[in-house]
Each structure stands twice: as structure tokens, then as C-alpha cells.
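In case you want the letters, here they are:
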Amino acid sequence: MTWLVTGGAGYIGSHVVAALREADMSCVVLDDLSSGHAEFVPADVPFVRGSILDAELVRSALAEHQVTGVIHIAGFKYAGVSVQQPLHTYEQNVTGMAVLLKEMQDAGIDRVVFSSSAAVYGTPPTDIVTEDTPKNPESPYGESKLIGEWLLRDQGVAAGLRHTSLRYFNVVGSGSITLYDTSPHNLFPLVFEALLAGRTPKINGTDYPTPDGTCVRDYIHVADLALAHVEAARKLDEGALLLPAYNLGSGDGVSVRQIMTAVAAATGIPFEPESAPRRPGDPARIVASGELAARDLGWAMRHTLDQMVTSAWQAREAAAA
Ligand SMILES: NC(=O)c1ccc[n+]([C@@H]2O[C@H](COP(=O)([O-])OP(=O)(O)OC[C@H]3O[C@@H](n4cnc5c(N)ncnc54)[C@H](O)[C@@H]3O)[C@@H](O)[C@H]2O)c1
């Protein structure tokens, strides 16, 4: 059994590769390095450089490495940018997925685990998001992830594809000193880059209807997230029935101000964050129940918030050294 990890040179993909190796599961990475890093792929893991949009490349990678299942993580993940670049977002996330699924079907590969997102829910009308909460994406990015889930559902009916989609909430932390989030838009990298450059980190929006006025999110550790992928892949290999989608969330909300306090403690850099205007489209609160994933995928929060912040900072600092 060999699992192809698309996007395996990225932040989450590289942690999934590490978890697969830890579980003695064979894998191969396909990544175009548009936002990933070749050095995130271990030297002894086969690495195919190229895009999921390149049908011929995907076909030869599946055949050459005798792939039996796909963990599809590659994608364009910047919700804000997707509003300005919807066509690019749809091409990468929807067309790319259709190409991948067609090549899988032709190769007789019948199992896939997909990186979906909390963005499929938009601004949820409820305190705790469950898998049944209405889907109301508010960006082309969120729409593209929901369409990805529909593609899997439809291929399931048409071609017997066995699949599950993991809807991540806010993924943070580092599972290894050499792997970290390099996104220019996510909260942790933004705060760290500010601190490393001697600037004061900003909080966008301090007048939300939340206990301290700042947005509340559901933070999960990337290494915990990676384990859920291994379990999903294992379950599909065993022929187990999985739900079409699982929330990977903690059930607990943490505010941006609480994150800033944890960052100050972890870095030893005392700072008072600057207040900045709200960003359009940022909901006040998104927190999810991960109960179904706990039941079916052994999902658990194995790390505390302090561990998330400290591990992320240590990896970022090591990269800067
Ligand atoms: N980081 C989060 O908090 C979060 C939350 C929800 C969902 N997700 C989803 O998880 C996935 C991984 O996110 P990440 O944070 O690791 O981002 P990332 O940008 O670090 O990783 C994405 C990887 O996919 C690769 N890639 C992009 N387009 C490709 C293509 N056409 N062909 C081949 N490779 C391609 C990139 O080079 C990169 O290595 C994405 O699909 C994202 O939408 C992330």
C-alpha cells in the first residue's frame, strides 16, 4: 500500500508525511512547490515535482509508485486572495482535483482523504459547529473546498470512490523543529514575522461581540491533525466505512488576544498588540465539535495551546537562525 500525498511539501502535508512514516506507511509526495518547500520532504521519501493539473505527470506518478490511495492536501489556501483571484483558486482547487480524480479512476485507485476547511461553513449561525451545520462559504476558497467535497460524493456514487473530507479549523504549531507554517496570511506567522522584524503585532478588530472583543477561533496542533489523516487512510485501507466529512476542531474557543498573551509568554518578548480595523469577512467566532472524528478517527487534542505556540515559535526561530 502506498499513499500519494499531494501538497506533501507544504506545512500540513509535510506533517502528514512525517506521521505516515512514523506509522510505517509508505508514501510518495507530489507537489509543485508553489507554496511548499523541497526541504520539507524527507530525503528518503520519493518526491515528484509538478502540478496536480498535469494529468500526464499525475498518471505516471500513480503508476510508477504503485499508489493505492491519495491524501489530497495540495491547494491554494488564501481565502482573502481568492476573492481577488477566483479563477486561479478554482483552477487549483477544483480543476486540479477533477484531474486527480480522473487519473485515480483510470488507475483503479479507490480511496482518498481530502483537506477540506472550516471555510465551508462561512459565518456559522451556532456556537458549536457540527458536520450538519449549514454550509455557507463566503469566499471562492471556501466554495472551492465545498465543491471538492461534492466531487468526492459524486465520484463515490459514479465510480465507487471511498472518501472522507477533513474540515480543518485553525491549524497551528510545529511537530518538528524543521517544519513550520510559512503562510504570509495566517495569524501565527504574521505575529512571528512582526516580532522578528521588531514591529508590534496587530489585532484586526477589537470590538467583536466576544468576551474580550477579539475574534474567537478553534486552534488545533498540526501534529494532532496529521494523526487523523493516518487513521483515516488506515481505515480506508481496512475497508471501514467513514463519514463523508469530519470536523477537526477542539470544541474550545481561544481569542486572538489570548493568543497574543501566549505568544508573549512563549517568546519572552513582552508586547501590547496594536488595535487595527476589522478585516472584512472575519466572523466573530468559529468553534467546532470534533466528536465524530474522535469516535471514528481517534481524533484528540494531544497538545495544549502553550505547546502549539511554543513549538511554532521554536521552529520559526530555528529557521531564522
Ligand atoms: N493551514 C490551515 O489552517 C488550513 C485550514 C483549512 C484547510 N487547509 C487546507 O490544507 C491544505 C494544506 O494547507 P497548508 O497550510 O499546508 O498550506 P501550504 O501552502 O503550506 O501547502 C499547500 C501545498 O500544496 C502545494 N500545491 C499547491 N497547488 C498545487 C498544485 N496545483 N499541484 C501540486 N501541489 C500544489 C504547495 O506547493 C504546498 O506545498 C490546503 O488545501 C488548505 O486549503 C489549511
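Residues numbered from 1 in each chain as written. Predicted model: local features only at pLDDT ≥ 70, side-chain atom pairs only at ≥ 80, totals over all residues. Heavy atoms only, no water.

As recorded by an unreviewed UniProt entry, the protein chain carries the name UDP-glucose 4-epimerase and is attributed to Herbiconiux ginsengi. For the protein chain, the Sequence similarities (unreviewed entry) comment in UniProt is given as "Belongs to the NAD(P)-dependent epimerase/dehydratase family." In its Catalytic activity (unreviewed entry) section, the UniProt record describing the protein chain reads: "UDP-alpha-D-glucose = UDP-alpha-D-galactose". (UniProt positions renumbered as here; feature names shortened; annotations may be inferred.)

Trainee: It is not clear to me how the UniProt feature "domain: NAD-dependent epimerase/dehydratase" (unreviewed entry) in the protein chain should be interpreted in this structure. Could you clarify?
Mentor: Look at the UniProt record and you will see "domain: NAD-dependent epimerase/dehydratase" (unreviewed entry) annotated at residues 3-240. In the segment residues 3-240, helix accounts for 41% and strand for 18%; the C-alpha atoms at its two ends are 17 Å apart. (Helix = DSSP H or I, 4+ residues; strand = E, 2+ residues; numbered from the N terminus.)

Trainee: Help me understand the pattern of salt bridges in this model?
Mentor: Pairs can form between side chains of opposite charge whenever their charged atoms are close. For the structure shown, the criterion picks out 18 salt bridges. For the salt bridge of Arg279 with Asp282, the shortest nitrogen-to-oxygen distance reads 3.1 Å. Looking at Arg279, the relative accessible area reads 40%, which means it is partly exposed. Overlapping salt bridges bring together Asp110, Arg111, Arg162 and Asp237 as one network. (Salt bridge = Lys/Arg side-chain N within 4 Å of Asp/Glu carboxyl O. Buried < 20%, exposed > 50% of the residue type's maximum accessible area, 1.4 Å probe, protein only.)

Trainee: Would you explain the site of the ligand in this entry?
Mentor: Within the structure, the ligand sits among 28 residues, and Asp31, Ser35, Lys77, Gln92 and Tyr141 are positioned closest to it. In the environment of the ligand, an oxygen atom lies 3.0 Å from a nitrogen or oxygen atom belonging to the backbone of Ser34. Measuring from an oxygen atom of the ligand, one finds a backbone N or O atom of Ile73 at 2.8 Å. Contact with the protein chains hides 95% of the accessible area of the ligand, taken as 820 Å² for the molecule alone. Residue assignment for the shell around the ligand shows that the elements contributing at least two residues are α1 (11-22), β5 (111-117) and α5 (140-159). When residues of the shell around the ligand are assigned to their parent elements, the largest contribution, 3 residues, is made by β5. A class-by-class count of the residues in the shell around the ligand yields 11 nonpolar, 13 polar and 4 charged. (Near = heavy atom within 4 Å. Polar contact = N/O pair within 3.5 Å; in protein donor to acceptor, adjacent residues only side chain to side chain. Areas by Shrake-Rupley, 256 points an atom, 1.4 Å probe, with all protein chains shown as cover. Nonpolar A, V, L, I, M, F, W, Y, C, P; charged D, E, K, R; others polar.)

Trainee: How should I be thinking about helix α7 (residues 222-238) in this particular structure?
Mentor: Residues that lie three or four places apart on an α-helix share one face, since the helix turns once every 3.6 residues. In this model α7 runs 25 Å from its N-terminal to its C-terminal C-alpha over 17 residues, within 8% of the 24 Å that 1.5 Å per residue would give. Val222, Asp224, Leu225, Ala226, Ala228, His229, Val230, Ala232, Ala233 and Leu236 are the residues of α7 that are buried. Note on α7: the residue one or two positions beyond its end, Gly239, has a positive phi of about 85 degrees. (Expected span 1.5 Å × (residues − 1).)

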